[in-house]
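# Architecture at a glance
The lines below spell out each chain.
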Amino acid sequence: ILGPSGCGKTTLLKVIAGLVTPDNGEVLYDSVPISEIPPSERGIGMVFQNYALFPHLPARDNIGFFDIVRRHPERIPQRIRYIVDVMGIEVEHLLSRKPPTLSGGEQQRVAIARCIARDPKIFLFDEPLSNLDAKLRVETRLQIKRLLRHYQITSVYVTHDQIEASTMGDRIAIMNNGKFEQIGTYHALYTTPVNAFVA
C-alpha cells in the first residue's frame, strides 16, 4: 500500500489486524469475518514503524513473548535458531540486551524476529524501514524480501517510499484520502496510470 502521510494506510492496516472497527464493510479471513475469530487465533504478525518492543524485557523475551504468554519458554531457543536460518541474520548477540540499548536497526531485527516467532498466517508491515538510515534500509529490505519469499503467505506492506513499494510489492495499491486510486503491478501503474495523482 503506497501513499502520502495521513492518507489512511496505517488505519487500514489496523482494520485488517482487527485493532480498529471499520465504519462499514468487513474484513474476511478465508471467508470468515474477522470479528468471529478470537484474537489469539487470527495468526497475525505485525511489524510497527516504531518497533513496539517491551523496553523492560531483553530481546530474547521480546522475541519469545508469544511462547512466554502460552507458558512454553523452552521453545524460544529453537525459534531463534529458525529465525536466524530464515532471515540469514544473526540476533544471538542481541538476545541479552534490552531495547533501549539497541540501535534502530537492531531493534527492527528483534521486531521482525518477534513477528516470525508467532508463526503468522499473515504479515502486516507498517512502514518498517522509515526510521533506518539508507544503507540499513537496503539491507533490511533484502532480509524482509527473503522472509516473504520463504513464507509465501499474504503480506500487506505499508510505505510512502515508491522505490520500496516497487521492490517489495507484487501488487501495489495507491492510496489517497482514505481511498484506493489504482491497484496493479508496478509496471501497470507506471505505464497506464488512471489519473494525475497516480502518475
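Let me sum up the structure you'll find in this document. (Residues numbered from 1 in each chain as written. Predicted model: local features only at pLDDT ≥ 70, side-chain atom pairs only at ≥ 80, totals over all residues. Heavy atoms only, no water.)

### Section: the packing of aromatic side chains
Formally: Only rings of Phe, Tyr and Trp enter the pairing, Trp through its six-membered ring, and a pair is recorded when the two centres are within 6.5 Å. The plane angle decides the type: under 30 degrees is stacked, over 60 is edge-to-face, the rest tilted. Numbering goes from the N terminus for both helices and strands, where a helix is a DSSP run of H or I of at least four residues and a strand is a run of E of at least two.
Within the structure shown, the criterion is met by three aromatic pairs. Between Phe125 and Tyr157, the ring centres sit 5.5 Å apart and the planes meet at 35°, which makes this aromatic pair tilted. Separated by 32 residues along the polypeptide, Phe125 in strand β4 (residues 122–126) and Tyr157 in strand β5 (residues 155–158) bring together distant segments of the chain. Taken together, the ring pairs in this structure connect Phe123, Phe125 and Tyr157 into an aromatic cluster.

### With respect to the sheet that holds strand β3 (residues 44–47)
Which entries qualify depends on this criterion: By this definition, two strands are paired if DSSP reports at least two bridges between them. In this analysis an axis means a line fitted to C-alpha atoms, helices contributing only their contacting stretch, and an angle means the value between N-to-C directions, from 0 to 180 degrees. Two residues form a contact once any of their heavy atoms are found within 4.5 Å.
Strands sit in the order β3-β4-β5 across an open sheet of three strands; the sheet is parallel. Both edges of this open sheet fall to β3 and β5, since each of them pairs with a single strand only. For this sheet, the mean angle separating the axes of adjacent strands, direction not counted, is 10°. Of the strand pairs in this sheet, β4 and β5 are connected by four bridges, and their pairing is parallel. Across the sheet, residue Leu124 finds its bridge partner in β5, namely Val156. Contacts from helix α6 (residues 134–151) reach β4 and β5 within the one sheet, and its direction differs from that of β4 by about 160°.

### Looking at the nonpolar core
Applicable threshold: To define a nonpolar core, start from buried Ala, Val, Leu, Ile, Met, Phe, Trp, Tyr and Cys residues and group those joined through side-chain atoms within 4.5 Å. Remark: exposure states derive from per-residue accessible area (1.4 Å probe, protein chains only) relative to the maximum for the residue type, with buried under 20%, exposed over 50%, and partly exposed in between.
The biggest cluster of nonpolar side chains holds 29 residues, and the ones touching the most others in it are Ile63, Val110, Phe123, Phe125, Ile144 and Leu147. Secondary-structure elements contributing two or more residues to this core are α2 (59–63), α4 (76–87), α5 (104–117), β4 and α6. The biggest single contributor to this core is α5, with seven residues. Grouped together as the second largest cluster of nonpolar side chains are 17 residues, Cys7, Val15, Ile122 and Leu124 included.

### A word on the pattern of salt bridges
What counts is decided by this rule: Salt bridge, as used here, is a side-chain nitrogen of Lys or Arg placed within 4 Å of a carboxyl oxygen of Asp or Glu.
Scanning all chains against the criterion turns up three salt bridges. Salt-bridge contacts for Arg97 lead to Glu106; the nearest nitrogen and oxygen are separated by 3.6 Å. Take Glu106: its relative accessible area is 16%, and that puts it in the buried class.

### Observations concerning the layout of surface pockets
To be explicit about the condition: As defined here, a cavity is a set of points on a 1 Å grid over the protein atoms alone where a 1.4 Å probe fits but cannot get out. A pocket is an open set with protein on both sides within 12 Å along at least five of seven lines, and residues line them when an atom is within 4 Å of a point. Grid points are joined across faces, edges and corners, and a volume is the space filled by probe spheres set on the points. As a working rule, the residues Ala, Val, Leu, Ile, Met, Phe, Trp, Tyr, Cys and Pro are called nonpolar, Asp, Glu, Lys and Arg charged, and the rest polar, with Gly in that last group.
Estimated volume of the largest pocket: approximately 630 Å³. Sorting the residues of the lining of the largest pocket by element identifies α1 (9–17), α6, β5, α7 (162–168), β6 (172–176) and β7 (179–184) as the ones contributing at least two each. Tallied by class, the residues present in the lining of the largest pocket amount to 14 nonpolar, five polar and four charged. When its volume is computed, the second largest pocket comes out at roughly 500 Å³. Contributing to the lining of the second largest pocket are 20 residues, with Ile44, Gly45, Met46, Phe48 and Arg118 lying nearest its centre. Listed by contribution, the elements that provide at least two residues to the lining of the second largest pocket are β3, α3 (65–69) and α5. In terms of residue class, the lining of the second largest pocket is built from 13 nonpolar, three polar and four charged.

### Concerning α1
Among the residues of α1, those classed as buried are Lys9, Leu13, Val15, Ile16 and Ala17. As for α1, its buried residues are in contact with β1 (28–29), β3, β4, β5 and β6. Gly18 sits one or two positions beyond α1 and adopts a positive phi of about 85°.

### Some points on the packing of α5 against α6
Cut-off, in case you're wondering: Note that the term roughly parallel is reserved for angles under 35 degrees, roughly antiparallel for angles over 145, roughly perpendicular for angles of 65 to 115, and oblique for everything else.
The interhelical angle for the contact between α5 and α6, taken along N-to-C directions, is 10°, at an axis separation of 11 Å. By the angle between their axes, α5 is roughly parallel relative to α6. Listed contacts from α6 to Gly105, Gln108, Arg109, Ile112 and Ile116 of α5 are Leu136, Thr140, Gln143, Ile144, Leu147 and Tyr151. Taken together, the residues of the contact of α5 with α6 sort by class into six nonpolar, four polar and one charged.

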